[in-house]
Amino acid sequence: MNIPFVNNNIKKKRYGLFYNALRISVAGLYIYCFLLSVPTSGQEIQHLNIPYKDTNAILKEIDYAKQFVAPYPDSALKLMHLPLQQSRQQYFYYGNGIILLHMGSAYINKGLYEQAELLYKEAIHNLEKSGWGRREIPRAICELGNVFVLKGSYEQALKHYYDALNIAKKELPDLNIDFIYSNMARVLIQMGRDPQSAHYYFDKAEEIAKKYSNYFILCKVYNNKGVAFVTHKKWDSSLYYFNKAYELSLRENFPDMQFLTLSNFGVVYLEQHKGDSALIYLQKSKPFEMYVSIPIRERVRAMWGVAYLQTKQYRKAMPLLLRQFEEAKRSEDKVQMREAHYNLAQLYGALKDYRKAYHSAWSYIRLNDSMGGEEIIKNVNNMEVAFRTAEKEKTIFKNKLLIAQQEQELANKDKWMILFVSCGVILLLVLFFTWRAYYSRQKFIAQKLHNMEQRREIENLKATIKGEENERLRIARELHDGIGGLISAAKMNLVALGKENNSITTGDIYQSTEQILAEVSDELRLTAHNMMPKALMEKDLVEAITSFCNYTRQHKNINIEMQAYGRFDGLPDAVQLGIYRIIQELVHNVVKHARASRALVQLALQDNIISITVEDNGKGMDPRLVEEGNGVGLESVKTRVKSMNGTYSVNTGPGKGTSFYIEFELDAKIGSYK
């Protein structure tokens, strides 16, 4: 996996970073001067004579103030007091809701989650009163869910995400849904779920973000996917998504996303206990920390502490990890508190201060249990074992019980050997059954795809055949109404000519012309009848086939016997027409190619099984021609049988005649094929 060379990319963005830094510095100076004249208490503001401003001016003030929510939350809060009072004075509920949303985010950045929760609830209440504000309600509910995530209440968070998703889909489809899906997937990962369980939500968020070119959310999705794979130690997959997030953040110039992604690169190496590599990426993220909120900065500072811990720089690690603990305690952030206890347990264990390590470890376990998670208890147990082992070693050393220790070690060695062998066997069995399940699933998917392809091909064949039938009907009508009419007119003219001049009626040319017109008229009528079976339209299937066989017997000098068993009047027209066309094609094939004197047509329906048999006593054919479908009208028969999901078999040979057997199976609803 190629990790982007960050230094070159930073150089490319140097001008943009310098410009942003200068802009924020000037804005900060302006805020400082402005705040000198603005009261810091909401009560003091309420007693001022608030100047009137229209709603557009209020929204502009909100847009200006919100850019300071992440880097300077206190300044942002003070800047929002006046537009909040103006919105309330004018009953501008949309403005109230938007301001309260941003103020809630500012309190989150300060780590004051209870205040943020109250502000988000008040924001939702105001947005519900505004027609235009309803479009912002899903985002407000989602932000409220984020508060519960920070407080460690994952079930409450997911409940709010689902509520936000339902409202967004009902009121304004796709609006903020990418953001909601991304947060849902992130919470599932934090709860210890496998990345595949959150795969659906990740894909939904990515799809909608791409559809609406929401590249900021797309960066978040890629980062969250990477974190999901870090959780389950799939390093290559995590680096792949962090690379995508980093490249996108460079392209779109998202400095906060660059900070987050570079920090996540550090997480990958921290999870692999490669503190030196993690420190490199944490150092590269430092120029961008001014663009992120204070809580995110604090979390990354804690990552610095973990990196120092892994590189055995304990003096540097100690103040950072203690700061993480104090900040989590101040903000009542259970997630950070849990991590702080875990990190301190590792630190005290490395410093051989086992009592503090033991205390931190059990604090971590109790907090983890209260949050409903079951995380890395094995490492905590190892610290407890290390603490008790150290005490035991002191006792053994003092009492000089070396012989008893050696005997115990021998006994443990045998137990470990048995345990290792047992684990190896279990591991092999697990791998075998995993492979078997994977192979079965792949086979099932392949079969399903094959069936889908077959159904698609059958539908295409049905559409083709339907088009052919329509074309047959059109040509038959043209033959009957057009050319047939012309031939009838020619015959009438010939008869009229004979009446005018009786002497020519006895001539050979007149009589041969009359015979030719009669033959052409009969042949045209037969062709039109074959292309548009009028009998099938006016009668049932059996009568139509019988009529066709009788008509062919009279005009083609071949004895055709028709047999039918069962009731066919319940079949849909499309099914009857398909059966009629198959029998028609096979009978034509007998007449044209078999040189037979007798033929049998048999049609049967029993237990939802339709069978067709067409036999003749003709010259037969080479079986290979049947398989290859070369000529003799067999390709059309095969296509129709396949479109009706049927099967066929042919028994033939030179001089042995030919027998076709075709079978269709119908389900309980007559007319649809299995």
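Predicted model only: the values in this text are computed from it and were never measured.

Novice: Can you help me understand the environment of Pro71 in this one?
Specialist: Along the chain, Pro71 turns up in the loop between helix H4 (55-66) and helix H5 (73-89). With 35 residues separating them in the primary sequence, Pro71 and Ala106 have C-alpha atoms 9.4 Å apart. In this structure Pro71 touches Met290, Val292 and Arg297, once residues within four positions along its chain are discounted.

Novice: Would you take a moment to explain unusual backbone geometry for this structure?
Specialist: Across the chain, the bulk of peptide bonds are trans and the bulk of non-glycine residues have phi less than zero. Of note in the backbone geometry, His273 takes a positive phi value of approximately 60 degrees without being a glycine. Take His273: its relative accessible area is 63%, and that puts it in the exposed class. Its identity is not glycine, yet Lys352 carries a phi of approximately 65 degrees, on the positive side. The residue Lys352 is located in the loop between helix H18 (334-350) and helix H19 (354-370) in this model.

Novice: Would you mind showing me how to read the packing of helix H14 (residues 255-271) against helix H16 (residues 294-310) here?
Specialist: Between two packed helices, both the angle of their axes relative to each other and the distance between the axes serve to describe the pair. Following both chains from N to C, one finds H14 and H16 inclined at 30 degrees, their axes separated by 11 Å at the closest point. With respect to each other, H14 and H16 are oriented roughly parallel. Every pair of crossing elements has a handedness; the one defined by H14 and H16 is left-handed. Each of Phe259, Ser263, Gly266, Val267, Tyr269 and Leu270 in H14 lies in contact with H16, whose residues at this interface are Ile296, Val300, Met303, Val306, Ala307 and Gln310. Its residues assigned to classes, the contact of H14 with H16 comprises nine nonpolar, three polar and no charged.

Novice: How should the sheet that holds strand S1 (residues 559-565) be read in this particular structure?
Specialist: Sheet strands associate in pairs through backbone hydrogen bonding, adopting either a parallel or an antiparallel arrangement. Strand order in the open sheet made by the five strands is S1-S2-S3-S5-S4, with mixed pairing throughout. The strands lining the two open edges of the sheet, one partner per strand, are S1 and strand S4 (647-652). Each strand axis lies, on average, 10 degrees off the axis of its neighbour in the sheet, ignoring direction. With eight bridges connecting them, strand S2 (residues 598-606) and strand S3 (residues 609-616) associate as antiparallel partners. Each bridged residue has a counterpart across the sheet, and for Leu600 the counterpart in S3 is Glu615. Relative to S3, helix H25 (residues 573-594) is tilted by about 10 degrees, and along the sheet it contacts S1, S2, S3 and strand S5 (658-665). Across the face of the sheet, helix H27 (residues 634-643) comes into contact with S4 and S5 while running at roughly 20 degrees to S5.

Novice: Could you clarify how one ought to interpret the pairing of S1 in this entry?
Specialist: Two faces belong to every sheet, and in a regular strand the side chains alternate between them. Pairing between S1 and S2: seven bridges, direction parallel. Note that in S2 the partner of Met562 across the bridge is Val601. Note on the crossover from S1 through H25 to S2: the handedness is left-handed.

Novice: Before we go on, may I ask you to explain the pattern of salt bridges in this structure?
Specialist: Pairing between side chains of opposite charge can happen when the charged atoms of each approach one another. Applying the stated rule across the entire model yields 15 salt bridges. A salt bridge links Lys110 to Asp74, with the shortest nitrogen-to-oxygen separation between them at 2.7 Å. On the criterion of sequence distance, the pair formed by Lys110 in the loop between helix H6 (93-109) and helix H7 (113-128) and Asp74 in helix H5 is long-range, its members being 36 residues apart. The exposure class of Lys110 is partly exposed, given its relative accessible area of 23%. When its relative accessible area of 42% is taken as the criterion, Asp74 is described as partly exposed. In this structure, Glu298 engages Arg301 in a salt bridge whose closest nitrogen and oxygen atoms are separated by 2.9 Å. Of this pair, Glu298 and Arg301 are both found in helix H16, three residues apart, which corresponds to roughly one turn of the helix. In this structure Glu298 comes out as buried when scored by relative accessible area, which is 13%. One salt-bridge network, in which partners are shared between bridges, spans Asp203, Glu206, Lys210 and Lys225.

Novice: Could you clarify how one ought to interpret H4 in this entry?
Specialist: The terminal C-alpha atoms of H4, which comprises 12 residues, lie 16 Å apart, in line with the 16 Å expected from a rise of 1.5 Å per residue. Of all the residues in H4, the buried ones are Ile58, Glu61, Ile62 and Ala65. In a view along the axis of H4, the buried residues occupy a sector of 100 degrees, so they form one face of it. Those residues of H4 that are exposed and aimed more than 90 degrees away from the buried face are Asn56 and Lys60. On its buried face, H4 sits against H5 and H6.

What counts and how
Residues numbered from 1 in each chain as written. Predicted model: local features only at pLDDT ≥ 70, side-chain atom pairs only at ≥ 80, totals over all residues. Heavy atoms only, no water. Helix = DSSP H or I, 4+ residues; strand = E, 2+ residues; numbered from the N terminus. Contact = heavy atoms within 4.5 Å. Buried < 20%, exposed > 50% of the residue type's maximum accessible area, 1.4 Å probe, protein only. Axes fitted to C-alpha atoms, helices over the stretch in contact; angles between N-to-C directions. Parallel < 35°, antiparallel > 145°, perpendicular 65-115°, else oblique. Left-handed = near helix turned anticlockwise from the far one by under 90°. Nonpolar A, V, L, I, M, F, W, Y, C, P; charged D, E, K, R; others polar. Pairing = 2+ DSSP bridges. Right-handed = clockwise from strand over helix to strand, strands pointing away. Salt bridge = Lys/Arg side-chain N within 4 Å of Asp/Glu carboxyl O. Expected span 1.5 Å × (residues − 1). Arc of directions from axis to C-beta.

Without other data, these values stay purely geometric and don't point to any function.
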